[in-house]
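Coordinates in review
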Amino acid sequence: MSDTTYTSAADFDEPIENQPFDTTEGERVFTVTGGDWDTVTPAPDGEKDRLVVNMGPQHPSTHGVLRMIVELDGETVEKMRCAIGYLHTGIEKNMEFRTWTQGSTFVTRMDYVAGVHNELVYSLGVEKLMGIEDQIPERANVIRVIMSELSRISSHVVAIATGGMELGALTGMTAGFRDREIVLDVLEAITGLRMNHAYIRPGGVAVDLPNGIEKTLTDMIALLRKRFRDVENMLVGNAIWLGRTQGIGYLDVAGCLALGVTGPILRAAGLPWDLRKEQPYCGFENYEFEVPTQTTADCYGRFLVRLDELQQSLNIIEQAVDKLTPGPVVVEDKKISWPSQLVVGLDGQGNSLDHIRHIMGQSMEGLIHHFKLVTEGFRVPAGQAYAAVESAKGELGIHLVSDGGTRPYRAHMRDPSFTNLQSVAAMTEGGMLSDAIASVASIDPVMGGVDR
Amino acid sequence: MSDDSTVNPAEQPEQPEVAGVPATSDAASPQAIGTAGAGAQQRVLDDRSGAFGIQGSPDVSGYGMLDRAVRSAPPAERPFGGWYDTVADELIADLGTSAGQAIEQFSFEGGDFTIHVNRENLPAVLQSLRDKETLRFELSLGVSGVHWPADAGRELHAVYHLRSLTHKRFIRVETTCPDSDPHIPSTVQVYPTHDWHERETWDMFGIVFDGHPHLTRILMPDDWPGHPQRKDYPLGGIPVEYKGATTPAPDHRRSYN
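Quick notes on the packing of helix α3 (residues 115-130) of chain A against helix α4 (residues 138-166) of chain A
Residue and element names in this part refer to chain A. Two elements in contact, α3 and α4, have axes separated by 8 Å at closest approach and are oriented at 140°. Packed against α3, whose contacting residues are Gly115, Val116, His117 and Leu120, the element α4 presents Arg144, Met147, Ser148 and Ser151 at the interface. Classifying every residue of the contact of α3 with α4 by side-chain character gives three nonpolar, four polar and one charged.

Examining α3(A)
Taking 1.5 Å as the rise per residue, α3(A) with 16 residues should run 22 Å; its terminal C-alpha atoms sit 23 Å apart, in good agreement. Phi turns positive one or two residues past the end of α3(A), at A:Gly131, with a value near 70°.

Structural notes on the sheet that holds strand β4 (residues 67-73) of chain A
All names here are of chain A. Strand order in this open sheet of three strands is β3-β4-β5, and the pairing throughout is antiparallel. Edge positions in the open sheet fall to β3 (51-55) and β5 (76-83), since each of these has one partner strand only. On average, each strand axis in the sheet is tilted by 20° relative to the strand beside it, whichever way the strands run. In this sheet, β4 lies alongside β3 in antiparallel orientation, the contact comprising five bridges. By the bridge assignment for β4, methionine 55 is matched with methionine 68.

Regarding the interface of chain B and chain A
Counting residues at the interface gives 39 residues for chain B and 43 residues for chain A. Secondary structure elements with two or more residues in the side of chain B that touches chain A: β2 (67-71), β5 (139-147), β6 (156-164) and α4 (194-205) of chain B. At six residues, β5(B) tops the list of elements feeding residues into the side of chain B that touches chain A. Considering only residue class, the side of chain B that touches chain A consists of 18 nonpolar, 11 polar and 10 charged.

Definitions and cut-offs
- Residues numbered from 1 in each chain as written.
- Chains lettered and ligands numbered in written order.
- Predicted model: local features only at pLDDT ≥ 70, side-chain atom pairs only at ≥ 80, totals over all residues.
- Axes fitted to C-alpha atoms, helices over the stretch in contact; angles between N-to-C directions.
- Helix = DSSP H or I, 4+ residues; strand = E, 2+ residues; numbered from the N terminus.
- Contact = placed C-beta atoms within 7 Å.
- Nonpolar A, V, L, I, M, F, W, Y, C, P; charged D, E, K, R; others polar.
- Expected span 1.5 Å × (residues − 1).
- Pairing = 2+ DSSP bridges.

Okay, structure coming up:
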């Protein structure tokens, strides 16, 4: 941009690409930015005056690297289309070149806000292909439930936090991220990492829970119960919050099902559909929890559903802590489970010294076995399988195809963010531009999952 | 490690392996449609030889003579058991005379009931699965492509997963198209959620979904050449150098068939 200030159309001496041009439909198109507005002449009487605004991919209110192309009439959204792909990293293709165990490390980076769900569904898919679902030890399943719900909490508080930020409720953001830190600290205590855990692996989990985690979890539950009440007190019934979210971004059950929308959006439309209840995995049928619903089918309803789900997740973790009994955390089959559990040593997490002593000094066969299993990996029978979990955003599915080798032949993640984001047009067209922001925030897409 | 985990031919009835479309018998009773009785066959999707996938250099491991076929799932036998028979019967009844042509095979893959469908009949099959009261698969979980370059005449597969919220059922529908004619009818009219999913499958595999309202690339840039998740598209990894040693890119490391 030059720094010339245009005062009338006559002063317009921009390069040719910035000159107005006529489309094949006979419409006049102006490309303008910041200081050019005076150069635009209003449409002649009787002709339609429309403004096409490009929001994103770098925009503080589009919930990540999402680009929205909005056709405006005044402040009314006439058409809205999303452009995605700015975060496409080819994770699915990359997985075809790594072992089945390494896959956990890749999938956790898809929907990185709730990465544990990705690891869980991937592991369930591999286990389904191998037919070892029934061999997963009880303790591993309880740990998976705890991790899954921790992940749901951290995702939901981020949904409320970023949603609040995008609507101007900055205290909602600070409160949400503060609460997320609490959860991330617990996740770090369990997996060693705040994000990108690669903790749940085919056959079980990477490492047993640390000592004293029961108390950590109980303390966390007590603290979060109080914190969530604070968020509730701040936003539920808040006149400004209601004004921005109530009756906004309407999508009913029929619309949700047609567009494949699941998760809090579907439940806020009134359908109590939750895979943890409908098709239980990891022993979710043994936990008592409710599926919160609302009937308003709007942004506010989705917010309330998420708030209620936070409480339910805390209830589930509370029950899971009671169910923790000592035992193995990976399948017994030594052809699948890695020969040693990881331990934390002076130089970080790694193989236990006992195991190193065993394979380096005592057993050549043990060394060979370790080497083959870690470098080559295990084989998965040829075939295809689909596994699904209820992630924080909806049905997270994985379609895995094996050719009988040590690497996935094809892995496709059915990410709920990707599918749910399709509904933006249905939610926003005909509404105000500011409501489009609220709608996207209520969908809570994570672009890492959308673009993979 | 042994190859025990793969499909063991001894356990499966030996069947002629043909890659083409299985012949459907006109005289087949509705009960036989999609089963071995109507000519449905287990196909060879790929052929693997050697232990490490080494090509062009002698393999001294002793495993170089290994030869293994990757087979598709065998056709299921009637009765399928449980609600699977209901779904099959209702679908066949709803499709009427075209059922024999539309349904190529019923099978169980990964524990889930799978219907292999002729691509021309795909929209009719999905419409029937969605609308018929006794079927009611209201929720589609999208489209996933799979590329089997050695499955002659059926190189590109499109896999649809459907869920019935009414009956709490889950099925898979699979269709194929040849690489030389990569066209599959669009099903956006039946399941609007397929809009982005079909765009993604076009983008990644080059399957043209005829009748899609706006079939453009979705994840890759608009002017990108090629379809990245096809097997003939390289990963494009670059070797990593560290302290003088070089680690080859993942697509150039030793692989184990």
